Amino acid sequence: MSARPKPVQLDDVSKAIVEQLQTDGRRSYAEIGKAVGLSEAAVRQRVQKLTDAGVMQVVAVTDPMQLGFYRQAMIGVRVTGDTTAVAETLASIPAVDYVVLTAGSFDILAEVVCENDDDLISLLNTRIRGIEGVASTETFVYLRLQKQFYNWGTR
């Protein structure tokens, strides 16, 4: 079993940089520098260190429906045996965008993004339910995305 990674200790300036990028990931290093009291080059260097350390990533968050993916769902998975092996297999499936090991009714939750209901059925029947160790699944189809934010700040 792998140990939880030790959290990276961030100083107040690095925390402020993260929070600036959580608010607007396209904000320029010069703008961030003005807000946190550093030069553009110093901000660039800190952002690079934060991304290299795995503390954050700066990505475009898209609306799947605008890109032709009309069916999203969360799939609860019950597992017999090694949950991490099943989670790793799920994570390797391109349609799966989120995998988390849980405690409670399900051993794993996996979020999927599919073009349509037929693709979701195919994914469930040919890929997910066929994984060794998957005992059962329960699918929660998304009707509407009400809220999705990533600006929870730093501690």
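Residues numbered from 1 in each chain as written. Predicted model: local features only at pLDDT ≥ 70, side-chain atom pairs only at ≥ 80, totals over all residues. Heavy atoms only, no water.

Colleague: Any chance you could explain the nonpolar core here in plain terms?
Modeller: Considering soluble globular proteins, one finds that nonpolar side chains tend to be buried as a cluster. Val-77, Val-86, Leu-90, Ile-93, Ile-108, Val-112 and Ile-128 are the most contacted members of the largest nonpolar core, which has 19 residues in total. For this core, the secondary structure elements donating two or more residues are strand 1 (71–79), helix 4 (83–91), strand 3 (108–114) and helix 5 (117–128). Excluding its chain neighbours within four sequence positions, the residues that come into contact with Val-77 are Leu-90, Phe-106, Asp-107, Ile-108, Val-134, Ser-136 and Thr-137. Core analysis: the next-biggest nonpolar cluster, separate from the first, contains nine residues, Val-18, Ile-32, Val-47 and Leu-50 among them. (Core = buried A, V, L, I, M, F, W, Y, C linked by side-chain atoms within 4.5 Å. Buried < 20%, exposed > 50% of the residue type's maximum accessible area, 1.4 Å probe, protein only. Helix = DSSP H or I, 4+ residues; strand = E, 2+ residues; numbered from the N terminus. Contact = heavy atoms within 4.5 Å.)

Colleague: Would you explain the sheet that holds strand 2 (residues 96–101) in this entry?
Modeller: To summarise the sheet geometry, strands pair through backbone hydrogen bonds and adopt either a parallel or an antiparallel arrangement. With respect to topology, four strands assemble into an open sheet ordered 2-3-1-4, the strand pairing being antiparallel. Each edge of the sheet is formed by a strand with only one pairing partner; in this case those strands are strand 2 and strand 4 (134–141). Each strand of the sheet is rotated relative to its neighbour by a mean of 20 degrees, with strand direction disregarded. Here strand 1 pairs with strand 3 via seven bridges, running antiparallel. Bridge assignment links Ile-75 to a residue of strand 3, and that residue is Ala-110. Contacts from helix 4 reach strand 1, strand 2, strand 3 and strand 4, with the element oriented near 170 degrees to strand 2. (Pairing = 2+ DSSP bridges. Axes fitted to C-alpha atoms, helices over the stretch in contact; angles between N-to-C directions.)

Colleague: Quick question: what am I supposed to make of the pattern of salt bridges here?
Modeller: For side chains bearing opposite charge, pairing can occur when the charged atoms are close. According to the stated counting rule, one finds three salt bridges in the structure shown. Ionic pairing is found between Asp-117 and Arg-71, a salt bridge with its closest N-O pair at 2.5 Å. Highlighted residues: Asp-117 in helix 5 and Arg-71 in strand 1, separated in sequence by 46 residues. Residue classification places Asp-117 among the partly exposed positions, given a relative accessible area of 41%. (Salt bridge = Lys/Arg side-chain N within 4 Å of Asp/Glu carboxyl O.)

Colleague: How do you make sense of the side chain of Thr-137 when you look at a structure like this?
Modeller: Here Thr-137 lies in strand 4. A distance of 3.1 Å separates a polar atom in the side chain of Thr-137 from a polar atom in the side chain of Arg-129. Here Thr-137 is in contact with Ile-75, Gly-76, Val-77, Leu-124, Ile-128 and Arg-129, once residues within four sequence places are set aside. (Polar contact = N/O pair within 3.5 Å; in protein donor to acceptor, adjacent residues only side chain to side chain.)

Colleague: Which parts of the structure should I look at to understand the packing of helix 1 (residues 12–23) against helix 2 (residues 29–36)?
Modeller: For any two helices packed against each other, one specifies the inter-axial angle together with the distance between the axes. Look at helix 1 against helix 2: their axes get within 10 Å of each other, and the N-to-C directions meet at 130 degrees. Here helix 2 runs oblique to helix 1, going by the angle between their axes. The crossing of helix 1 and helix 2 is right-handed. Residues Val-13, Ala-16, Ile-17, Gln-20 and Leu-21 of helix 1 form the contact with helix 2, whose participating residues are Ile-32, Ala-35 and Val-36. Tallied by class, the residues present in the contact of helix 1 with helix 2 amount to seven nonpolar, one polar and no charged. (Parallel < 35°, antiparallel > 145°, perpendicular 65-115°, else oblique. Left-handed = near helix turned anticlockwise from the far one by under 90°. Nonpolar A, V, L, I, M, F, W, Y, C, P; charged D, E, K, R; others polar.)

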